[in-house]
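# Secondary and tertiary structure notes
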Amino acid sequence: MEKEDLKVLNKGEEEEMELQGYRLCRWRVALVGLGVLCTGGFLLLLLYWMPEWCVKSTCTRTTARDAKVVLLRSTDEFRRWFLARVRVMLAPGSNPFHSLETRTTSPSPSSPSRPFSSPSRPFSSPHLANGHNLDPSDGGDFGDYQPTQIRYFTFHSTKYYWIDGVQNFEVLNGLGDLQVSCSTLHSEHSSGLTRNQQKYRRLFFGVNEIAVKVPSVFKLLIKEVLNPFYIFQLFSVILWSADEYYYYAVAILFMSVISIATSLYTIKKQYIMLHDMVATHSTVRVSVCRANNEIEEILSTDLVPGDVMVIPSNGTIMPCDAVLVSGTCIVNESMLTGESVPVTKTNLPNPLPGETGEATDCVYSTEEHKRHTLFCGTNVIQTRFYTGDLVKAVVVSTGFSTAKGQLVRSILYPKPTDFKLYRDAYLFLLCLVAVAGIGFVYSIVLSVLNKVPAKTIIIESLDIITITVPPALPAAMTAGIVYAQRRLKQLGIFCISPQRINICGQLNLVCFDKTGTLTEDGLDLWGVQRVENGSFHPSEENAYKENLVKSQFVACMATCHSLTKIEGQLSGDPLDLKMFEAIGWILEEATEEETSLHNRIMPTVVRPPKQLLPPEPAATPEQDMELYELSSAYEIGIVRQFPFSSALQRMCVVARLLGEKRMDAYTKGAPEVVASLCKKDTVPENFAEVLEGYTKQGFRVIALAHRRLESKLTWHKVQNINRDHIEANMDFLGLIIMQNKLKAETPAVLQDLHRASIRTVMVTGDNMLTAISVARDCGMIAPRDTVIIADALPPHDGQAAKITWRHADKPSKASRMEDVNISVDDVCHVDEPKTQELYHFAMNGKSFAIISEHFPDMLQKLVLHGTVFARMAPDQKTQLIEALQGVDYFVGMCGDGANDCGALKRAHGGISLSELEASVASPFTSRTPNISCVPNLIKEGRAALITSFCVFKFMALYSIIQYISVTLLYSILSNLGDFQFLFIDIAIILLIVFTMSLNPAWKELVSRRPPSGLISGPLLFSVLTQILICLGFQTITFLWVRQQSWYTVWTPLTDICNLSSHGNVSEHNDTEVDDHNIQNYENTSLFYVSSFQYLVVAIVFSKGKPFRQPSYKNWPFMLSALSLYVFLLFIMFHPVKGIDEFLEIVCVPFEWKIKLFIIIVVNASVSVFAETFILDIILWKLVFSRDKQSSFGITPVAPTGPQGCIDLRAYKCLSRLCCPGKNNPKARYMHLAQELRVDPDWPPKPTTTTEAKSCPENGSTYQIMIKS
C-alpha cells in the first residue's frame, strides 16, 4: 500500500515532490510526550530539526485521500523533508469555473461535471476553498447551495487541493488550468464575471496579493535560537557555569547574543526590502467589467482569474497577470527583466470564425503569448483604445501564481546552496565530534581510575566535547564572506546571495550574452543594400535620399517597428530607434481627445520631412486648398502591428498610405526567416553569399519584405486576421546592415579569463555567423581555430533526426586536427605550455533543441567544445547552463538582464549588467555596464573561498591544540584555568580570526583554481601535518618539564620565585588549596607553547598569493599577531604578578624559559617548513597539480637534464605514494575529454552526417556516416 500511495506533486517541474499521507496516532503521541519529559525537551528539539522523524514517530501511514498530515520530500539532489497539515474547508461548489446558477441544491459532491477542464487536468471532485468557511452572508446567496468539503494543505505560500479525478493534490494557478484557446478567451471570458461568480471564485483563489509577511522579532528569535549550533552553545554555557567558568560562559553568551542580533537584523531587513518591493501593487483601485456591461471599481485584492480589468489610459502598475483582449499598451517590464526599454503589448489574436486548424487557434500560454500578456508588477505607461470599447485585459492568474509571485517565492524559499565546501565542513565537524568522543571516553576512564567524584567526571567529560567543537566557528566562517561582499560593493557589484561568493571562486566557465554585454548596446547603421527585380543594388551608406523617400524599402523602415512617443520622446527598441532615425522621418500618435472623436482606433502616422519630398505643382485657384493639402501629403498610417517574436524571429505591420484603398504589409527580421516568406523570384540568387559576407565581418543583418494586400481586407478584418495569412508571398526588399561594436573592455577581459584557464562561451539570440565573427574579434575563438557548425534536422517522413557537420570558414593556416585542451580548470600551471585549442562547435537554438531531444549523449560532448550558441531562446539559455553543469562545470553567466533572467538565476554565479537594482533574478548585479566585473567577481570569490579554508583550518587546529593541552593536563588531574581559556578564546582566537579574513583579492587571475572542498589532498595534508607537529611539541614540553632537575609538585611554597626568599619551607601551610589543580609547571609550560602555536598556525594558514594579497599587507592582522607575540614573550620572560595571578600561571626557572623559547622557535620553523616548502613547493607542483593533469589525458612535460630526471622520478614516486589509484578524473567533463582523446571519429569531419538510432546499441544514441 505504501508504494502505491506515494504521490508525486508538480511532476516534471522544478518543485517536484513526493507525498505520503499520515494520520495522528494517540498512543504514539503519548509515548513521544513521555520521551520529551525524560530527555528534558531535547527529543522535542530533535523532532523539530527532523520533520520525517516527527511525523513517523507520532503518526501512522494512511492514504493521501484520508491524510491529516502529509510528509513531503523534494526529488532534487538535496532530498529535503517537509511536513504540512491537511485542513478541511466548506464551499458552495467544487469547481471555481462552474457557474453556481447551473448547480442544484442537492448534487453529490463526489462527482461534479467539469465541462471546461482539459483531459490532462481533470477536476472531478471537491477541492477548493481558500481558507474561508462557508458564510451565507459573504458573497451572495451561497446559503442555497449544499456545502462541499474541500481538503487542502499550504506549502511555501501555495495551496494544494485534493482532486478525486486524479487522486492527488494539485495547485490551482488560474485560467491557464483550463487550457483555453485564444478564440475561447475572446468569446467566453471577455465579457466579465457577475458579482456572485467573482465572490465564489475568490473562495477558491483567495486574496490577490503577494503576501510577504514580515515575521515579528520574537518569531525570528525563536527560529534562530533553535538552530542546532545555538542549542550546542547554550549547552556549553550551562556546562561551563556548572564548572564555575563564569567569565568564559559570559563571553560566549555575549558573542552569541551579538551573532543572533546581527542575524536577526539582516533577516528582518531582507524581509522588509522584499515586502516593500512587492507592496507597490498590493492595494490599488481597479475598474472591472461585469457580465451586465457595468463597470465597477474594486480593490485589486478582490481580483480573481476571469475578471475583465479595464486598463486606465494614464497607466497603472499591474496587480495581476492579465491578457489583453482589446487595445494596445506600452509597458515597462524592468521589474521582471531588468530591461528598461518600453515594450508594446497588443491584444490577443481572435481568429475569424471561418478559420480552422491548430495554427490559427492555439491554446493560450503566458510564455507563447507574452507579447499580449501584462505581467504583475510591470508598469503600464500608456494605452491606446477605442471609443466605447476600452482597453480590457482578462485576469489570468493572481497572487503567488503570477510571474512576479513565482519570482518572489523563489527568493522567499531558495534552494540550499550545494557546494562541496559546506558538505565537507559538516564531515570535518563530524570528525571533530569523533575525536571529542575519544577524549570523552578517555576522560571518564581516567577519572574513574583516580576516584574522582561523579559530578566532576560528568562536567569534565562533557567539557572535552565543548572544547573540540568551537562555538565561534559560524561567526568566523561568515566573516570572510561579509568582507568580500563589502569589497564587491566598493567595486560596484551588489550581491543578494552572499553564500554564492564562495562558489564564484570555483567558476571555470563563463557564458556571455552578446548584444549589450560583449558588444555595445546601441547599433549603428552601417549601410543598406536594396533589391530590385531579384538582384542586389550596390550597398549604400544610408536611405536618407530624395529618390528613395517613396520607395517600399524606406516605407518598411518607417513603419515596421514598435516605437512610441512617451512624453514627446521617441522610445522603444534601440535597433528600431537607429533604423527610424536613419531615414529622418517623423512619427505622430493620436492624442486621447483625437481618438475619442473616431469610431475606430486612430493609427500611428509616419511621414517624411518636407525637404525630402519632391516639389509639388502649385495649387490652382479652382482647387480647394484643403483637398490640395490632402492630395500632396505623403503619410503612412500603421493599422495593425504584430510585435517582434523571438520564436518567429520577425515582426510585421499592416499599413495604409494616405489616399490608398489597399493596405500594405511590411516585415522585418532575421534574413533567413524573411527570405523563406518571400516569393523565390524576388530573392536574389546570391542572397546566401552576400549575407554570409556581411555576417562573417560581424555585422548584424536585418532583412525587409513587403506585400500588397488584397482590397477585400478591410480594417476590421485586419484587426482579427492571423499573421500567417499576412506573412506569405512577400516581395524581398533588401538588407539593412547594422554595426555592433565590441565594448572597449571586452577583448582584454576575455584574454585575462583565457590566461586563467577559464572557458568562455557566447550565448546569443543573434545570427550564428555574426556571433562567430564577434567571437573571433573579441578573442573567444583564436584566428587559426576551426569552427564546426552542427546543423540538426528533426525526424521527417520516417527518417531519423540527423546532424550535418560543416566548417564555418577555412582557418587562415591549415593545421592538423588535434584534440583541444579542455583543462580549463585548476590544473594548468603558468610555467607549463598548453596544447593550442584548435576546434570549436557552433550551433543555433533549433539545432540545440533537436540535439537535446534526439542526441542526449552527443550534447555532452558538444558542450565540452561548444563556444558559440546562436539564435537561443531564453529557456534554451537556461537549458544550456544546465547541460554545462551536468558535466560538472562551475558555470558563470553574464548578461544584460533582458532575456537572460532564467540563465542568470540557474548559473552558479549569475551577474547582471542591468543598471536597475530591481533585477532580482540575478545573484549579482554590476553597476559597471561591461564585463570587467566578471574577473573581479571571480577574484573576490577565490579570495573569499581561500579565506574560508584558512579560517576553517585555523578553527580546526585551534580546537585540536586546545584538546591536546586539556587531554595532557587531564592525565595529571589538571586543566586550563578559566582566565587562560578566556585569554586564548577572546584575546587570541577571535582577534586573529576576524583580522585574518581581511586579506583583499590578488590583483590578477591565475590559471590555478583553489580546491573546491576541504576533503582534498593539499588541505588534508596541511591540517594533518600541523596537528602532528602541535601534538609532538606539546607532548615534548609536557614530558620534558617533568624531567627537569628542579621539578617538583607545585605548591605556593615550592614556587621557584619563593625559594630565593625563603631559606627553608615551613611545614605549616595555611594557603588555600587549588581545588582544580590549575597552577602547576605542566599547565604553565603548555599554556605558553600552545598560545604561540595558535599564532604560528594562524600565520602559516593565512596565505596570500596567488589568490589573496600577502598577509603583510593586511595590517590589522599583522598588528594583532605582533602585539600578541610581544605580550606573550613579555609575560614569559618578565613575570608581572598581577597578570600571573589573573592567568593562574606559575613562576618557572629562567633556564626553562630559554628551553621553552627554543621549543617555540623550532615549532614555528617546522610548521612554516611543512606548509610552505613541502606542501606549496614540492607536493603541490609535483603531485596535486600534475596528477590532475595526467588524470584526464594531459601528460606532464618531461623535464630535461639530470635535475629534470630527478624531478620526474620524484613526481612518479610521490604520485604513487600520495595519490594511489587516482587515475580517473572526478569531474564528468574531464572524463569525457579523456574519452575523446582516443576516439578516432572525433571531432566529426565536415563530410559526415550523424543520425539518431531508433534502438540504441551499446548505450550510443547515434551513428556517424560518410556522405555519399
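What you see is a predicted model; the values in this text were computed from it and never measured. (Residues numbered from 1 in each chain as written. Predicted model: local features only at pLDDT ≥ 70, side-chain atom pairs only at ≥ 80, totals over all residues. Heavy atoms only, no water.)

This brings us to the overall build of the protein. Counting its secondary structure elements, the protein contains 39 helices and 42 strands. Counting over 1268 residues, the protein shows a buried share of 54%. Of the contacts made within the protein by residues no fewer than 6 positions apart, 75% connect residues no fewer than 24 positions apart. Taken as a whole, the protein presents about 56300 Å² of accessible surface, with 57% of it coming from carbon and sulfur. (Helix = DSSP H or I, 4+ residues; strand = E, 2+ residues; numbered from the N terminus. Buried < 20%, exposed > 50% of the residue type's maximum accessible area, 1.4 Å probe, protein only. Contact = heavy atoms within 4.5 Å. Areas by Shrake-Rupley, 256 points an atom, 1.4 Å probe, with all protein chains shown as cover.)

In this structure the tally under the stated criterion is 27 aromatic pairs. Relative to F1142, the ring of F979 has its centre 4.3 Å away and its plane inclined at 40°; by these criteria the two rings are tilted. Of this pair, F979 sits in helix α31 (residues 978-995) while F1142 sits in helix α36 (residues 1137-1143), placing them 163 residues apart in sequence. You can call F1142 partly exposed: its relative accessible area is 43%. Arranged with centres 5.7 Å apart and planes meeting at 40°, the rings of F983 and F1127 form a pair that is tilted. Of this pair, F983 sits in helix α31 while F1127 is found in helix α35 (residues 1115-1133), placing the two residues 144 residues apart along the sequence. The exposure class of F1127 is partly exposed, given its relative accessible area of 30%. Through a chain of ring-to-ring contacts, the aromatic side chains of F153, Y160, W162 and F169 assemble into a single cluster. For the cation-ring pair, R61 lies above Y22, with the distance from its terminal atom to the ring centre recorded as 5.8 Å. Residue placement shows K861 over the ring face of W1242; its charged tip is 5.9 Å from the ring centre. (Phe/Tyr/Trp six-rings, centres within 6.5 Å; stacked < 30°, edge-to-face > 60°. Lys NZ or Arg CZ within 6 Å of the ring centre and 35° of its normal.)

Let us look at the nonpolar core. Residues F954, M955, I988, I989 and I992 are the most contacted members of the largest nonpolar core, which totals 90 residues. If one sorts the elements of this core by residue count, helix α30 (residues 933-970) sits on top with 19 residues. Those residues in contact with M955 that sit more than four places away from it in its chain are P470, A472, L473, A476, I989 and V993. Residues L753, V868, C894 and I938 belong to the second largest nonpolar core, which totals 45 residues. (Core = buried A, V, L, I, M, F, W, Y, C linked by side-chain atoms within 4.5 Å.)

Next up on the list: the pairing of strand β4 (residues 69-74). The buried fraction of β4 is high, at five of six residues. Examined bridge by bridge, strand β2 (residues 17-24) and β4 share six bridges and lie antiparallel to one another. For M17, the partnering residue across the bridge sits in β4 and is S74. Looking at chain direction, β4 and strand β5 (residues 81-85) are connected through five bridges and run antiparallel. When the sheet's bridge partners are listed, R73 is paired in β5 with W81. (Pairing = 2+ DSSP bridges.)

Moving on, we get to the sheet that holds strand β15 (residues 328-332). The four strands are arranged β13-β18-β15-β16 in an open sheet whose pairing can be described as antiparallel. The open sheet has two edge strands, β13 (316-317) and β16 (343-345), and neither has a second partner. Where β13 and strand β18 (residues 379-384) come together, two bridges link them in antiparallel fashion. Paired with I317 across the two strands is N379, which belongs to β18.

All right, on to helix α26 (residues 845-854) then. Among the residues of α26, those classed as buried are G845, S847, F848, I850 and I851. Against β34 (786-793), β35 (802-807), β36 (839-844), α27 (856-865), β37 (866-870) and α28 (874-886) lie the buried residues of α26.

Let us look at the sheet that holds strand β14 (residues 321-326). Across the sheet, six strands lie side by side as β11-β10-β12-β19-β14-β17; this open sheet has antiparallel pairing. With one partner strand each, in any of the chains shown, β11 (295-299) and β17 (373-374) form the two edges of the open sheet. In terms of strand pairing, β14 meets strand β19 (residues 392-397) through five bridges, oriented antiparallel. Paired with L324 across the two strands is A393, which belongs to β19.

Take the packing of helix α12 (residues 454-468) against α30 next. Contact geometry for α12 and α30: axes closest at 8 Å, N-to-C directions at 160°. Looking at the two axes, α12 sits roughly antiparallel to α30. When α12 is examined against α30, the residues E460, D463, I464, I467 and T468 are found in contact with a partner set consisting of S959, Q962, Y963, V966, T967 and Y970. Residues of the contact of α12 with α30, tallied by class, amount to five nonpolar, four polar and two charged. (Axes fitted to C-alpha atoms, helices over the stretch in contact; angles between N-to-C directions. Parallel < 35°, antiparallel > 145°, perpendicular 65-115°, else oblique. Nonpolar A, V, L, I, M, F, W, Y, C, P; charged D, E, K, R; others polar.)

Once that is clear, we can look at unusual backbone geometry. In the Ramachandran plot, N10 falls in the positive-phi region, its phi being about 50° despite a non-glycine side chain. By secondary structure assignment, the location of N10 is in the loop between β1 (7-9) and β2. In this structure, S157 is a non-glycine residue whose phi angle is positive, near 65°. Locating S157 in the fold gives a position in the loop between β7 (148-155) and β8 (158-163).

Glancing now at a nonpolar patch on the surface. On the surface, L427, L430, I1015, L1020 and L1024 cluster together into a nonpolar patch covering about 430 Å² of accessible area. Breaking the nonpolar patch down by element, the ones donating at least two residues are α11 (420-449) and α32 (1017-1042). Mapped onto the fold, L1024 is located in helix α32. (Patch = residues over 30% accessible without salt bridge, like charges linked within 9 Å, V, L, I, M, F, W, Y side chains within 5 Å. Salt bridge = Lys/Arg side-chain N within 4 Å of Asp/Glu carboxyl O.)

Following the criterion strictly, the structure yields 27 salt bridges and no others. Linking R607 and E635 is a salt bridge whose minimum nitrogen-to-oxygen distance equals 3.9 Å. Of the two residues, R607 is situated in strand β27 (residues 604-607) and E635 in the loop between α19 (625-632) and β28 (636-645); the sequence distance between them amounts to 28 residues. According to the relative accessible area criterion, E635 is partly exposed, its value standing at 23%.

On to the side chain of S562, then. Structurally, the position occupied by S562 is in the loop between α16 (552-559) and β24 (564-566). A residue is classified by how much of its surface remains accessible, and S562, at 17% relative accessible area, is buried. Setting aside its immediate chain neighbours within four residues, S562 contacts T344, S571, D576, Q641 and M651.

Let us now look at the state of the cysteines. A full pass over the atoms with the stated rule returns zero disulfides. The thiol of C495 is not disulfide-bonded; the next cysteine sulfur, from C504, is found 7.9 Å away. Relative accessible area serves as the criterion here: at 13%, C495 is assigned to the buried category. (Disulfide = S-S within 2.5 Å.)

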